[in-house]
Amino acid sequence: MSESFDFVVVGKGMMGAAAARHLAAAGASVALIGPDEPVDWANHGGVFASHYDNARITRTIDEDPVWARLARRSIDRYPEIAGESGIDFYAEVGCLIAAPAPGGEFDYLDKVGRARDRLGVEAPLISGADLVQRFPWFRFPKGYGGIHEARGAGHINPRALVRAQALLAERSGARVIRSEVISVDERSDHVAVATADGQTVRAGRVLVAAGGFSLSNALLPRPIDLVVKARTVLFAEVGVEDLDRFKGMPSLIGAAPEQERGYYLLPPVAYADGKHYIKIGGDPTDWMLASEPAVREWFRAGGNKAAADHMHGLLTEVMPGFEPVSTHFAPCVTSFTRHGYPYIGFASDRLAVVTGGNGQAAKSSDEIGRLGAVLVLNGHLYAPEYETDFAVSYR
């Protein structure tokens, strides 16, 4: 006979692992299902995940109050998650948002400043010679300014955060099944979830948290309106002898009117190969992935060299004094919803979905996962503090 649970969470990524932790902490019986990261991406036939990385920017300031609240609530719980799990995943190195100075046609920094004031965050505007003196690692075009959030900002390690969430879920009684889900079968009194290694589990409700793989016809009864974009990230190796001169370097968001001029950049972060890398992202164009098989193939293909070359050029412009020991690039995906917020809602009587990070969810994943847990626990989501209902849209 198959095992039975109150809830099954499909997807052992950032949102899914968070949801499982909150469900288990509430006393529910939970199974969290999803495979571990493959060793050989190029020859892997199964699913992937976008949290296969060691560095993502985290910050509170956001011009949108929904995303700002999702971030702040998650960041406020970082110490609890790290302390209880014993897994460090957060580096509070600060975040600098650089763009044309306020008062011009491109009003991004104006909006960031208003968001800062609304949130009551201490993050001064720095411009001109002060910007160069304060952040000697960077060079910006003439007329740029920067808003620097020193506290409650920096970067997180997504791999470590997922490990921490899954570990805490297990300690609260959840079962973690490290396999790919191949079918979700909703019946009158339960949902049957089958895995690639031959297991079948039953649950009263299932929460699908599969990121870009939520496009799969095997997971949801009808296709959601989710746009999945292929992304490439560039890693620039920092020599051991150079690491000291990057101490104090914050995460950086470079905003510009044109997509091809915008980027994000992280300070040196250690990876599994023992080396430290400065990571930069910022695809000059969008490439849509129309199906779940296309998402798999994108990860296997290894990313886009032309996009990586473009990012290398941006890196050279913003950090002209940095000479990488080596560079390489890797694929990722971002999932976008119709309303620009995560989808958190029911797709049928017993099947719910939480997905759609819109390129902003890594830092906010704990709160998004908590909202997904509230949804399936209560049968509905009541979160009046948010200026959206997170409703799911369908194709």
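Structure shown above.
Below you will find a few notes about this structure. (Residues numbered from 1 in each chain as written. Predicted model: local features only at pLDDT ≥ 70, side-chain atom pairs only at ≥ 80, totals over all residues. Heavy atoms only, no water.)

Focus: the overall build of the chain
When helices and strands are tallied, the chain shows 8 helices and 20 strands. Its C-alpha atoms give the chain a radius of gyration of 21 Å, near enough to 21 Å, the size a compact globule of 395 residues would have. A principal-axis box enclosing the C-alpha atoms of the chain has dimensions of 70 × 45 × 40 Å. Taking all 395 residues of the chain together, 56% fall into the buried category. For the chain, restricting intrachain contacts to residue pairs at least 6 apart in sequence, the fraction spanning at least 24 positions comes to 75%. Summed over all atoms, the accessible surface of the chain reaches about 16300 Å², with 50% contributed by carbon and sulfur. Looking at the chain, you have 40 positive and 48 negative side-chain charges, and the mean spots of the two groups are 1 Å apart. (Helix = DSSP H or I, 4+ residues; strand = E, 2+ residues; numbered from the N terminus. Rg over C-alpha atoms; globule rule 2.2 N^0.38 Å. Buried < 20%, exposed > 50% of the residue type's maximum accessible area, 1.4 Å probe, protein only. Contact = heavy atoms within 4.5 Å. Areas by Shrake-Rupley, 256 points an atom, 1.4 Å probe, with all protein chains shown as cover. Lys, Arg positive; Asp, Glu negative; His and termini not counted. Charge placed at Lys NZ, Arg CZ, Asp CG, Glu CD.)

Brief notes about the pairing of strand S2 (residues 30-33)
Judged by which residues are buried, S2 turns out to be covered on both faces: Val30 and Leu32 on one side and Ala31 and Ile33 on the other are all buried. Traced from strand S1 (residues 3-10) through helix H1 (residues 14-25) to S2, the parallel crossover comes out right-handed. Examined bridge by bridge, S2 and strand S9 (residues 175-177) share 3 bridges and lie parallel to one another. Paired with leucine 32 across the strands is valine 176, a residue of S9. (Right-handed = clockwise from strand over helix to strand, strands pointing away. Pairing = 2+ DSSP bridges.)

Focus: the pairing of strand S12 (residues 200-208)
Note that S1 and S12 share 7 bridges and pair parallel. The residue bridging phenylalanine 5 from the neighbouring strand is alanine 203, located in S12. Note that strand S11 (residues 191-195) and S12 share 4 bridges and pair antiparallel. In the strand pairing of S12, valine 193 is matched with valine 201. Here S11 folds back onto S12 in antiparallel fashion, the turn holding 4 residues, of which glycine 198 has a positive phi close to 95°. One ladder, built from 3 bridges, connects S12 with strand S20 (residues 351-355); its direction is parallel. Counterpart to valine 208 in the pairing with S20 is valine 353.

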